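# Descriptive analysis of the structure
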Amino acid sequence: MNRIITIASQKGGVGKTTTALNLGYSMGRFGGRTLVVDLDPQNGMAIASNLRNYTRLGLVDYMKRRSVAEEILAEARDGSMTALGMGDVAPEDIRQLEAAAWDGSLVAALRELGKGYHHVLIDAPAGIGGLVNAALRASDGVVLVASCCPIVLQSMPAFLKLVQHIAAGENPALVLDGILLSMVDRSIPAQERVYGELVAQVPEGALFRSVIPFDAKFQAACLEAVPAVLLPGGEELARIFLDITVELRERELARARSVMASDGPPRLF
Ligand SMILES: Nc1ncnc2c1ncn2[C@@H]1O[C@H](COP(=O)(O)OP(=O)(O)OP(=O)(O)O)[C@@H](O)[C@H]1O
Ligand SMILES: [Mg+2]
């Protein structure tokens, strides 16, 4: 199996990078070979994982043919996962990166670099711009991260429309793996209200059963530059990301089963 999954959201700061890093770590430890790609020029994942102190080379160097795959793919020292940073994006690189996002070369690069991994998680920048479009065109699935704040109710339909648009055209393989709620704090009444409205708004079964709670350990983990699940006291968070890993796999297998069921009677030739 080789699946590329984009971790995305229209709204910024909802926990995409946190999800990509912690879920990638969990999938790598308990699933199969996992690559986490930082597709954000902010370098959020590379900073949050300490990758930037290991190498500043990344996707942008590969796209410019300054580096080959072996130079930019960095395996974690505990063997859990491999990480790929964006690299240093100079102001003059932005236009080239945007062009690569639209002309298909970024899609081809992501697919090429993702070969040999069971799962590739792409940490997308916020929004629905070129880089996000390219990530979705390169992907088999998308996990939409959402926080329980009112603006999400407004922005989510536009993002789901983009996913549908790409799946109906350029990338028929693309599916919505699910909507993952993050920064959840059930003690806040407004969150409960938004949650209720979200459930009514999104397609049935789209929400992951597991949610990522609001937890100050995620911010502490950014300072330590490790996945939060590795911090002292991070066992409960590790269990939650393992639950999400299991749920994602269940969803993949359920889809495979329904495809088999619609294949009709078996035929070898
Ligand atoms: N569940 C959580 N509980 C508490 N803080 C969190 C949680 N998830 C993320 N954070 C913190 O919120 C901030 C934003 O998180 P993160 O960078 O993961 O969001 P993002 O969606 O990737 O943002 P951007 O859109 O800028 O890429 C970070 O400081 C992070 O440590
Ligand atoms: Mg981010």
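As a reminder, the structure under discussion sits directly above these lines.
Summarised in this report is the structure supplied together with it. (Residues numbered from 1 in each chain as written. Chains lettered and ligands numbered in written order. Predicted model: local features only at pLDDT ≥ 70, side-chain atom pairs only at ≥ 80, totals over all residues. Heavy atoms only, no water.)

## Examining the site of ligand 1
Taken together, 18 residues lie near ligand 1, and K16, T17, T18, P213 and Q219 sit nearest. P213 places a polar main-chain atom, nitrogen or oxygen, 2.8 Å from a nitrogen atom of ligand 1. Within the backbone of F218, a nitrogen or oxygen atom sits 3.4 Å from an oxygen atom of ligand 1. Calculation on ligand 1 without its partners gives an accessible area of 630 Å², and the protein chains cover 82% of this total. Tallied by class, the residues present in the shell around ligand 1 amount to 8 nonpolar, 7 polar and 3 charged. (Near = heavy atom within 4 Å. Polar contact = N/O pair within 3.5 Å; in protein donor to acceptor, adjacent residues only side chain to side chain. Areas by Shrake-Rupley, 256 points an atom, 1.4 Å probe, with all protein chains shown as cover. Nonpolar A, V, L, I, M, F, W, Y, C, P; charged D, E, K, R; others polar.)

## Remarks on helix α7 (residues 105-113)
All of the buried residues along α7 are L106, V107, A109, L110 and L113. Around the axis of α7, the buried residues are gathered within 165° of arc, so they sit on the same side. (Buried < 20%, exposed > 50% of the residue type's maximum accessible area, 1.4 Å probe, protein only. Helix = DSSP H or I, 4+ residues; strand = E, 2+ residues; numbered from the N terminus. Arc of directions from axis to C-beta.)

## What to know about helix α6 (residues 91-103)
Where α6 is concerned, the buried positions are D93, L97, A100 and A101. Relative to the axis of α6, the buried residues are bounded by an arc of 100° and lie together on one face. Opposite the buried face of α6, at more than 90 degrees from it, the exposed residues are P91, E92, R95, W102 and D103. Tucked into the core, α6 has its buried residues touching α4 (59-63), α7 and α8 (130-138). Just beyond α6, the residue with positive phi is G104, at close to 95°. (Contact = heavy atoms within 4.5 Å.)

## Quick look at the packing of aromatic side chains
Per the counting criterion, the structure on display carries 1 aromatic pair. Looking at R33, its charged tip hangs above the ring of Y117, at a distance of 4.6 Å from the centre. Seen from the ring of F208, R251 lies directly overhead, with NZ or CZ sitting 4.5 Å from the centre. (Phe/Tyr/Trp six-rings, centres within 6.5 Å; stacked < 30°, edge-to-face > 60°. Lys NZ or Arg CZ within 6 Å of the ring centre and 35° of its normal.)

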